[in-house]
Structures are given as structure tokens and as C-alpha cells.
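In case you want the letters, here they are:
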Amino acid sequence: MTYSAPKVEVTSAFWKNYRDLVATKVLPYQWQVITNQIEVDLPLDPGGNPTTGDTLSYAVENLKIAADQAEGKFHGMPFQDSDVYKWLESAAYALQDHDDADLKEIADGVVDLIAAAQQPDGYIDTFFQIKWPDRKFARIQQSHELYTMGHYIEAGVAYYEATGNEKALDVAKKIAACIAAHFGDEAGKVHGADGHPEIELALARLAEVTGDSQYAELGRWFLHVRGKDPDFYDKQNKADGWDRDFFEQIKYLPRTYYQAAEPVTKQQDAEGHAVRVMYLCTGMAHIARLTGDDSLLQACHTFWNSVVHKRMFVTGQIGTTKEGESFTYDYDLPNDAEYGETCASVGMSFFARRMLELEPKGEYGDVLEKELFNGTIAGMALDGRHFYYVNPLEVDPRKLKGNPDFRHVLAERAGWFACACCPANLSRLIASVDRYIYAVQDDGTILSDQFIANKASFDGGIVIEQRSNFPWEGHVEFTISNPEASEFRFGIRIPAWSKGAFTLSVNGEETAVEPEDGFVYLQIAGEKTDIALDLDMSVKELRANNRVAEDAGRVAVTRGPLVYTAESADNAGDLWLYSIKPGSGTYEFKPELLGGVGTITEQGVREVPDESDDLYLPAGTETTEAASVTFIPYYAWANRGEGQMRVWQRTV
């Protein structure tokens, strides 16, 4: 039996603030950018991509040119259209939560514009329609055509679900038909997958909303054809003209960069471009659920274990190096040179959600929580108008200005990027966070996976209300209204950070239930059930596995789901001079600070700065003084001006 997704109203103060920010500040700002109403001062491209130097987006203008509603030349990245599509998807989610007639009118107009730009055969990619009409699907290692079209399919599905706009869905179905006509095993078709995975997960979403399995099967074909012929991209590039590159620098990257060195079901490690890996894994997990393809599920397990257990930063960020925005090797987790692209954290959230739909394992929810409260939202300033592409765990502005090896890192967030994938990717995640709270299993089990206060309606008239002040407090209450007295299992995730240190009460009576794979399960049968859960919100310090050279002898300060960091704004002098005493942390909520955050103060010592100008001094001549160190949640750093930041701390 298939159970429909619940209708969820988010009531969490923490997340309502973010969702309101997206609806009222972020989306209007991004609309101004992509319609050339705002000229932005762009930083150097962190990934080293060549840029045109434009300070205007032209994303909507390109669509107008393709629709014969304007004249001009194409501007921007080959995948510039995707900025519009992700904006539309974000708007769709915002409209489900906010009754905004003006936003809907704009979004309806965007759908009309996209439909007008689409060619009769379903093709739509303004880079090729305007600039290279004779090279469609000829160089898919670099073209991002299926990536771009996939982002529209996601947007079209979301907008149809939010508003019932049939045109939005029709455009998506026409795109899928165009792709099916050009890709496949048959003679005359393209026998390969886009260099940037995305179409796979998009087709899964289209299959789900339409109930048409052909889309899932097409997505499955793309997954299995990737890496089947490792020479495929070289063959296409030579046929198209070896030196006619869109991105020359990525042509010579190893095939692992595209996850195309071998079939995905044979790969043993997460290799290459981190965002590509996450989109690939999200598609594999979703297609595995829709088609029952066990080989894809096993591949998901392999990728998950590689990333989560060997290649993930403590805040959930992934992607180690600016060279190819890629993974490197196991336990290589540098704090200051880290890449940690915002899109990669968003993609890891996608992957974790889809794995939860497949299997009730608490670890998936733990990672999703880590991403939601740390790795993703750190990518946006509290004003909703500035963003990080790269998310380091340690910053010294002097290093960023003086050492070109760190050109990819910014001390303060930027207003926009030439490759602007991250801002809209983050806004669509925040606007859709209601979809990440519950997972309904095939047997009807309801999993409450995230502690985000809400009121949710399920099949059979079941209503679950969750109340909490999470992430600042660990007391969570559930009221389950079950008017038909249906029998079902209700699972609540017990986070790894509260393992063995929680209490659970049902209808006022404390209940001892042992977690099963990270969830406690209750059998619900009555018309009303009240549940109270208390989690361990004490301050804790974590150490990294000692295979991680950069973090040896250091600890990271945490409380509940949040990772904390020290900033110059709270701590005088160079942050590396401080050492803290684990176990000394005290917590205080400060409603006036950074929109209201919990702070932690740890006791320790500070080395007194050397008076000598000698570069090297005898060991043992350093002096220390008692000191305390103040920490704020990592997601809130860099909102008070430029300064040092440091997650991992020395200890005494």
C-alpha cells in the first residue's frame, strides 16, 4: 500500500523565522537579482570557473530572448536557467506556507515565460537555443543540459503540487519526452548521462507526482548507463570538436570527477565533485524505492558509508578541496582550506531524506539534523541577502588576503556569485523543510524524524502535533489525534547525541523503550495519545578520529544538534592562543544576540602573545593566563563583521 505524504504546518519558532525570511526577504531579493534589477559585486569564482565578468544575472532575460520576447545575446553560465528554476521551486514551497498573491502572480508569469521559451519538441536550454543551436546534447560532459532541464522538472512538479498549475507540469512532461527521444540504448540515441547528475532525481519526482513509471525507468537507465563506457565523454568531445569546450578545465579532470569511471554499482568510495555525488545518490535512493532496484540501494549504502564515516566535517559539510570542488581521500578534513560547498550540504540533506523513506535508520535522521541545523543554514546570513558558497571551519582574514591558496574562502558572505547555484538551493531547502520532518513507511509506520515543531495531517484523519523550543531546549511533546482509533506504529528518533540519556512518557507515565536502529516505537491505537520526550541538552565536546591529522588534540564544542564556534567578536586576540578545559562549558540563551541564540562559555587558558620578534623561541618559555572562551552556533558566524573564526579548539 502507498501512503500519501502528510500535510505539515511548521510552528517551530526557529524554522518559522527562516521560512518567513525566505518568503519575505530572500525570494524578493533573488528575484531582483535574476531580473537584473540589482547589480552585484561578485567575488572570484571559488571553484575557479571562467566567468564573463557580468555584474548582472541575465537569467530571466535569457529566457525572454529564447521566447522571442526580447533581443540580445546569452549571458552567464551554461546552466544559468537553473537559477530561475530553483527560484520558482522555492516560490512554490513558500506559496504553500504563505498566501502571497503578488508572489503567485510573478511565479505564474515565470511559468508562462518558460513555456513560451520551450521548443515544440520539449527542448529548453537557453544557452544552446541562443548560442549553440547546432550542438544540443553533443557534449554532455560539460553542457549541463540535463542538469538544467532536471531543475525545471523539479520546479514544475513543485509548482503544480503547490498551485495546481497544469502548464507547469506540462512543461516538465514535455522536457521528459524530449529527453526520452534523444537518450537510450537504441541506435541513433545518446548512450550516456549528463556530466552533472540531476535529471535522475528529477525524473523520480515526476514519476511520483504523475504515477507514470516510465519516468522512473528513464531515471534508472541514466543511473546504470553512467560509467558503463568510461570513454563516452572523450568520444563525444572529439566528435563535437576536441577544442570547442564550454569548461576546458574540467575536460581533463579524472572520470571519477563525474562518477563515470565505472558503473555506479561498482564504485566503492565517494569520489569527485561533491555536489554531483549527492545529486547522484539522491536519485539512486529515490529510484531504488520507486523501482525496487536493490543494486542501487546497495550502492547508496556504499556511498553513504564512505561520506558519513570517513569524509564528512563535524558540521556536516562535505567536499574537501577547491580543485574540482571534490572529495579527496579518507580522513582528509582540513579546517581552513575546506571547501564545504553549501550546495553539497543541501544535497546531503536530499540524500538523507530519501534514505529515510527507504529504511528506518536513525543515522539518516542524525545526518539530516546535522545538515539542517549546521551545514546548510550557515550558507546564508541572517539578513537573507548574503551567502556563502564555501563554508570553512577556521578563518583568519589575514590569511585569506595574503595567501592565494585560500582564494576560495571568504571572511564575510557575498551578495551573489557568478555561479549562483547555492543561494536558491538553500532557499528551496528551507522553504520545503516541512517535507523533512516525517517519513511514512510502506507498512503505515509513521516516523517522526526531526524535532521541528509542527502540526501534521496524515491519512485516516490522523493528526500529530509536535511542540518544542528546539534546538534551544530538549523537551518535546507530541499529541496524536486518531479519531478512527486506527492501529499504527509511531517511531521517534533518538539522536545519537542523546543516546542512553533520554526519558519518554506516554499519557503521563514514564515508559522504558529500547531504541531500534535509532528509533523508539510506540503502538498507537487510542483516539488520543500524549507523548513527552526529554533529550540530553548538556554541553559536550567531541574529538575527531585520530586518523584526522588536522584535529589531533582538539575538540569541537556542541550542544544538542548544534556545533559551536568561537569568533573574534566575542574573544580578544588570536583565537589559536586559547585552550579550553573539556567539561567546563556553561550555557546561556541570549535573546538579543544574533536574532536569539544559545551561547556557551568554556573555561581555559590563553597564551600571552610573545613580546619577542624572534621567529623561533626556546620551548617552555611561553606564558599563559586564565581565560574563558565564548561560543556561538556555527550557523550564525560572520554576521558581525570580518574576524577570525575557529571550530576546533586546543585543550588543557
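Preceding this section is the structure that the text describes.
This section reports on the structure supplied with the text.

Conventions adopted
Residues numbered from 1 in each chain as written. Predicted model: local features only at pLDDT ≥ 70, side-chain atom pairs only at ≥ 80, totals over all residues. Heavy atoms only, no water. Helix = DSSP H or I, 4+ residues; strand = E, 2+ residues; numbered from the N terminus. Buried < 20%, exposed > 50% of the residue type's maximum accessible area, 1.4 Å probe, protein only. Polar contact = N/O pair within 3.5 Å; in protein donor to acceptor, adjacent residues only side chain to side chain. Pairing = 2+ DSSP bridges. Salt bridge = Lys/Arg side-chain N within 4 Å of Asp/Glu carboxyl O. Expected span 1.5 Å × (residues − 1). Disulfide = S-S within 2.5 Å. Axes fitted to C-alpha atoms, helices over the stretch in contact; angles between N-to-C directions. Parallel < 35°, antiparallel > 145°, perpendicular 65-115°, else oblique. Left-handed = near helix turned anticlockwise from the far one by under 90°. Contact = heavy atoms within 4.5 Å. Nonpolar A, V, L, I, M, F, W, Y, C, P; charged D, E, K, R; others polar. Phe/Tyr/Trp six-rings, centres within 6.5 Å; stacked < 30°, edge-to-face > 60°. Lys NZ or Arg CZ within 6 Å of the ring centre and 35° of its normal.

**Examining the side chain of Asn454**
The topology assignment puts Asn454 in strand 5 (residues 454-457). On the basis of relative accessible area, Asn454 is assigned to the buried category, the value being 0%. In this structure the side chain of Asn454 is engaged in a polar contact, spanning 2.8 Å, whose partner is the side chain of Tyr438. Polar contacts involving the side chain of Asn454 include one to the main-chain carbonyl oxygen of Ile452, which spans 2.7 Å.

**Regarding the sheet that holds strand 1 (residues 7-10)**
Across the sheet, which stays open at both edges, the seven strands sit in the order 1-5-6-7-12-9-10 with antiparallel pairing between neighbours. At either margin of the open sheet sits one strand with a lone partner, and together these are strand 1 and strand 10 (509-510). Two strands pair when backbone bridges link them, and strand 5 and strand 6 (residues 463-468) are joined in this way by four bridges, in the antiparallel orientation. If you follow Ser457 over to strand 6, its bridge partner there is Val463.

**Re the pattern of salt bridges**
The tally for this structure, following the rule as stated, stands at 46 salt bridges. Notably, a salt bridge pairs Asp240 with Arg135, separated by 2.5 Å at the nearest N-O pair. One end of the pair, Asp240, is in helix 10 (residues 232-240); the other, Arg135, is in the loop between helix 5 (126-131) and helix 6 (145-163), with 105 residues separating them in the sequence. Take Asp240 and Arg135: they sit in the same class, and that class is buried. In this structure, Arg398 and Asp574 form a salt bridge, with 2.8 Å as the shortest nitrogen-oxygen distance. Of this pair, Arg398 sits in helix 16 (residues 397-402) while Asp574 is found in the loop between strand 15 (562-567) and strand 16 (578-580), placing the two residues 176 residues apart along the sequence.

**Focus on helix 3 (residues 81-97)**
Since the α-helix turns once every 3.6 residues, residues separated by three or four places project in the same direction. Spanning 17 residues, helix 3 covers 25 Å between terminal C-alpha atoms, matching the ideal 24 Å at 1.5 Å per step. Helix 3 sits mainly inside the fold: 15 of its 17 residues count as buried.

**Thoughts on the environment of Gly211**
Structurally, Gly211 is set in the loop between helix 8 (199-210) and helix 9 (213-225). Under the relative-accessibility criterion, Gly211 is labelled exposed at 65%. Considered as a pair, Gly211 and Asp20 are 191 residues apart in the sequence and their alpha carbons are 32 Å apart.

**A few points about the pairing of strand 18 (residues 597-607)**
As defined by bridge partners, strand 16 adjoins strand 18 across three bridges and the pair is classed as antiparallel. Opposite Tyr578, over in strand 18, you have Arg606 as the bridge partner. Note: strand 17 (residues 586-590) against strand 18, five bridges, orientation antiparallel. Counted as the bridge partner of Thr586 is Thr601 from strand 18. In textbook terms, the turn of a hairpin is the stretch between consecutive antiparallel strands, and for strand 17 and strand 18 this stretch comprises six residues, one of which, Leu594, has a positive phi near 50°.

**Let's talk about the state of the cysteines**
If you walk through the whole model with that rule in mind, you get zero disulfides. You can see Cys300 has no disulfide; the closest cysteine sulfur is in Cys281, sitting 6.0 Å from it. Cysteine Cys419 remains unbridged, with the sulfur of Cys421 as its closest cysteine sulfur at 3.9 Å. For Cys419, a relative accessible area of 5% corresponds to the buried category.

**Description of unusual backbone geometry**
A cis amide bond, omega 10°, links Phe470 with the succeeding residue Pro471. You can see Pro471 is positioned in the loop between strand 6 and strand 7 (475-481). A positive phi angle is found at Tyr58, which is not glycine, with a value near 65°. Along the polypeptide, Tyr58 turns up in the loop between helix 1 (13-34) and helix 2 (59-66). Positive phi, close to 50°, is recorded for Asn507, a residue that is not glycine.

**Regarding the packing of helix 6 against helix 7 (residues 166-182)**
Running from amino to carboxyl end, helix 6 crosses helix 7 at an angle of 150°, the nearest separation of the two axes being 8 Å. Viewed along their axes, helix 6 and helix 7 adopt a mutual orientation that is roughly antiparallel. The handedness of the crossing between helix 6 and helix 7 comes out as left-handed. On the side of helix 6, the interface is formed by Leu146, Met149, Tyr152, Ile153, Gly156, Val157, Tyr159 and Tyr160, while helix 7 contributes Glu166, Ala168, Leu169, Val171, Ala172, Ile175 and Ile179. The class makeup of the residues in the contact of helix 6 with helix 7 is 13 nonpolar, one polar and one charged.

**What to know about the packing of aromatic side chains**
The geometry of an aromatic ring pair is captured by the separation of the ring centres together with the interplanar angle, meaning the angle of the planes. Counting across every chain of the model gives 41 aromatic pairs. The interplanar angle of 45° and the centroid separation of 5.5 Å between the aromatic rings of Phe14 and Tyr18 together place this pair among those described as tilted. Linking Phe14 with Tyr18, this pair stays in helix 1, spanning four residues, or about one helical turn. A relative accessible area of 3% places Tyr18 in the buried class. Aromatic side chains Phe183 and Phe222 sit 5.4 Å apart centroid to centroid with 55° between the ring planes, which places their arrangement in the tilted category. Residue Phe183 is found in the loop between helix 7 and helix 8, and its partner Phe222 is found in helix 9; the two are separated by 39 residues along the sequence. Members of the aromatic cluster, joined through ring pairs, are Phe14, Trp15, Tyr18, Phe373, Phe451, Phe470, Trp472, Trp497, Phe589 and Tyr635. Across the ring face of Tyr521, the terminal group of Arg489 is positioned such that the distance to the ring centre comes to 3.9 Å. The aromatic ring of Tyr587 is capped on one face by Arg559, whose charged end is 3.5 Å from the ring centroid.

**Focus: helix 13 (residues 294-310)**
If you check helix 13, its first and last C-alpha atoms are 24 Å apart, about what 17 residues at 1.5 Å a residue would give, namely 24 Å. Along helix 13, the residues that are buried comprise Leu296, Leu297, Ala299, Cys300, His301, Phe303, Trp304, Ser306, Val307 and Val308. On the buried face of helix 13, the contacting elements are helix 9, helix 12 (274-291), helix 14 (342-358) and helix 15 (362-375).

**So, the environment of Val557**
Residue position: Val557 is located in strand 14 (residues 554-559). Among the residues examined, Val557 registers a relative accessible area of 0% and is labelled buried. Residues Val557 and Val539, 18 residues apart in the sequence, show an inter-C-alpha distance of 7.3 Å. Excluding anything up to four places from it in sequence, Val557 contacts Val539, Lys540, Glu541, Leu562, Val563, Tyr564, Ile580, Ile600, Glu602 and Phe631.

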